[in-house]
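# Tertiary structure, described
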Amino acid sequence: MGKIDTFIIVISSITIIVGMTSSIRTLIGTRKKIYILKDKMEIYHTVPNYIAIKIRNLPRIAATIMLLVLPGFFSASLKSMTIDRSNDKPKVTSKNILMDISKDKPIVMAEDMPLTMPKVLPIRGKEAIGLIYDDARAYYNLGIMFYSKGNYDKAIERYKKAIELNPKDVRVYYDMGNAYLQKGNYDKGIECYEEAIKLDSDLAEIYYNMGNLYQKKGDYNLATNSYKRAIELNPDYLEAYYNMGNLYQKKGDYGIAIEYYEKAIDLSPNLAETYNNMGLAYQYLGQQDKAINCFQRASMNRHNVSFTEFTSNTKIR
Amino acid sequence: MVGLIPFIVRLFVFLFYKGSTVYFLFNEIDFILFGLVLNLSNINELEDKKKLGEKWEKEKKGVSLYFIIIFSTFLMLAYLYEIGAIEQFNKILFKIFAITISLVAFLNSYSIFNRINNIANGQN
């Protein structure tokens with residue numbers, strides 16, 4: 001056997017060993033990890049910055065034991081979900097469930113575990129896993145979060161869950177009504193506001209939003225009554241006066257509209273929209289001088305905070 | 001696929017040229033080129049994909065680079081034999097090892113692409 005033959009044999013043997021070892025290690029390492037739980041897992045967003053993973057059919061005691069005794073087990077199963085942290089908004093992908101999370105702190109819970117503000121247990125200083133307990137407030141908070149993101153359907157789902165757990169919270173009905181209003185589902189919105197009124201009939205905001213809803217529906221008389229009730233409960237309700245003025249303008253009662261605009265101006269003299277709309281009302285009445293005066297005032301105040309910013313998302317005080 | 005072009009062309013020639021034998025089909029240079037193309041593709045894929053795991057990525061690039069060097073060496077030996085620069089040479093042994101290493105390179109490539117696909121599907 002010549003030198004070249006020996007060289008070929010040695011080099012080939014080394015290459016085959018290296019290649020096979022590397023390939024087999026990679027293939028073994030790629031096998032699916034801990035898929036027992038994967039099919040039973042459901043990821044959903046709880047409060048901002050956390051994701052919660054519900055394991056279906058897992059008894060609560062088992063989840064507790066697993067979290068305390070086998071943190072590595074959960075750590076591995078969570079890794080199988082591929083948390084991509086390469087962007088500013090990390091994403092978790094698992095079986096076509098795509099969630100945006102701003103911080104990847106996965107939280108695991110059994111299906112019937114209650115949910116509330118998370119308690120995070122640092123495990124080995126790495127991924128933090130904790131138990132969450134639910135109550136109506138947590139679902140309400142979730143609803144607010146989805147509402148703020150414009151996801152009204154999910155917001156309504158969470159509000160409904162909150163109501164199931166605590167049917168006496170007026171805020172939930174009120175916010176649910178707002179969500180239906182945003183969706184354009186006026187009838188449902190009215191139902192929600194009416195439920196809220198049953199719980200607390202002294203909240204001006206509910207009547208105000210009901211007035212907005214009736215106005216969108218075209219029920220001007222009912223809108224008027226709602227706004228009036230809001231004003232009775234809160235005589236300084238700027239938005240209600242403004243909207244009343246608009247309502248009367250739509251109805252063609254410009255004189256009454258102007259009265260309401262003036263009340264709005266008394267409460268807040270720097271809002272351009274009020275002057276503008278009052279100017280239009282004067283114009284319809286044929287009082288050009290007053291109209292011009294109003295438009296000039298509107299122009300002077302055009303850089304102030306607009307009514308849109310001022311009146312959106314009115315909260316129950 | 002690019003690496004299979006020499007095999008396909010050789011098969012084409014074998015089918016349509018009466019003077020060719022079965023041994024003509026198994027040429028070591030084709031296998032070496034196939035292995036080279038596979039390992040170049042590996043490096044290209046590993047460069048392209050991020051977040052595979054730094055350690056694993058480096059290992060695989062290292063292995064692919066090593067294969068490229070080995071295949072280049074074998075190619076050089078084959079060309080030297082062709083021009084008569086080397087005479088004392090067991091051609092059959094060379095052929096067997098060239099084919100074997102190509103198959104190992106194929107397995108290595110498969111493991112890399114399998115891993116990349118699994119990561120892409122969220123399974124790792």
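The shown structure was predicted, so the numbers you read here are calculated from the model rather than taken from an experiment.

Attention shifts here to the overall build of chain B. Per the secondary structure count, chain B includes five helices and zero strands. Overall, chain B shows an N-to-C arrangement of helices and strands of α-α-α-α-α. Across the 124 residues of chain B, 26% fall into the buried class. A separation threshold of at least 6 residues defines the contact pool for chain B, and within that pool the share at least 24 residues apart is 72%.

The next thing to look at is the overall build of chain A. Across its full length, chain A holds 14 helices and eight strands. Counting across all 317 residues of chain A, residues that qualify as buried make up 35%. Of the contacts made within chain A by residues no fewer than 6 positions apart, 47% connect residues no fewer than 24 positions apart.

Moving on, we come to helix α12 (residues 272-285) of chain A. All names here are of chain A. Helix length check: α12 (14 residues) gives 20 Å between terminal C-alpha atoms against 20 Å at 1.5 Å per residue, within 8%. Inspection of α12 places Glu273, Thr274, Tyr275, Asn277, Met278, Gly279, Ala281 and Tyr282 among the buried residues, and these make up the whole buried set. Looking one or two residues beyond α12, the residue adopting positive phi is Gly286, at roughly 85°.

Residues and elements named next belong to chain A. Relative to the elements of secondary structure, Tyr220 occurs in helix α9 (residues 220-233). Sequence separation between Tyr220 and Leu247 is 27 residues; the distance between their C-alpha atoms is 7.0 Å. Apart from the residues lying within four places of it in its own chain, the contact partners of Tyr220 are Gln215, Leu247, Lys250 and Lys251.

Residue and element names in this part refer to chain A. In a regular helix each residue adds 1.5 Å, so 14 residues correspond to 20 Å; helix α5 (residues 152-165) covers 20 Å between its end C-alpha atoms and thus fits that length. Taken together, the buried positions of α5 are Tyr152, Ala155, Ile156, Arg158, Tyr159, Ala162 and Ile163. Along the axis of α5, the buried residues cluster in a sector spanning 165°; they form a single face. Of the exposed residues in α5, the ones pointing more than 90 degrees away from its buried face are Asp153 and Glu164.

All names here are of chain A. In the contact formed by α9 and helix α10 (residues 238-251), the axes pass within 10 Å of each other and the chain directions differ by 155°. Relative to α10, the element α9 lies roughly antiparallel. For the pair α9 and α10, the crossing hand works out as left-handed. On the side of α9, the interface is formed by Tyr220, Ala223, Thr224, Tyr227, Ala230 and Ile231, while α10 contributes Ala240, Tyr241, Asn243, Met244, Leu247, Lys250 and Lys251.

Next up on the list: the environment of Asn225(A). Residues and elements named next belong to chain A. Structurally, Asn225 is set in helix α9. Under the C-beta neighbour-count criterion, Asn225 is labelled partly exposed, with 15 such atoms within 10 Å. Residues Asn225 and Gly211, 14 residues apart in the sequence, show an inter-C-alpha distance of 7.6 Å.

All names here are of chain A. At a minimum axis separation of 9 Å, α5 and helix α6 (residues 170-183) run at an interaxial angle of 155°. Relative to α6, α5 is oriented roughly antiparallel. With respect to the hand of their crossing, α5 and α6 are arranged in left-handed fashion. Contact residues: Tyr152, Ala155, Ile156, Tyr159, Ala162 and Ile163 in α5; Val172, Asp175, Met176, Ala179, Tyr180, Gln182 and Lys183 in α6.

A few words now on the confidence of the model for chain B. Per-residue confidence for chain B averages 81 on the pLDDT scale, and 83% of its residues sit at or above 70. Interface predicted TM-score (ipTM) for the complex: 0.83; the corresponding pTM is 0.44.

Parameters at a glance
- Residues numbered from 1 in each chain as written.
- Chains lettered and ligands numbered in written order.
- Predicted model: local features only at pLDDT ≥ 70, side-chain atom pairs only at ≥ 80, totals over all residues.
- Helix = DSSP H or I, 4+ residues; strand = E, 2+ residues; numbered from the N terminus.
- Buried ≥ 20, exposed ≤ 12 C-beta atoms within 10 Å, placed from the backbone.
- Contact = placed C-beta atoms within 7 Å.
- Expected span 1.5 Å × (residues − 1).
- Arc of directions from axis to C-beta.
- Axes fitted to C-alpha atoms, helices over the stretch in contact; angles between N-to-C directions.
- Parallel < 35°, antiparallel > 145°, perpendicular 65-115°, else oblique.
- Left-handed = near helix turned anticlockwise from the far one by under 90°.
- pLDDT = per-residue confidence, 0-100.

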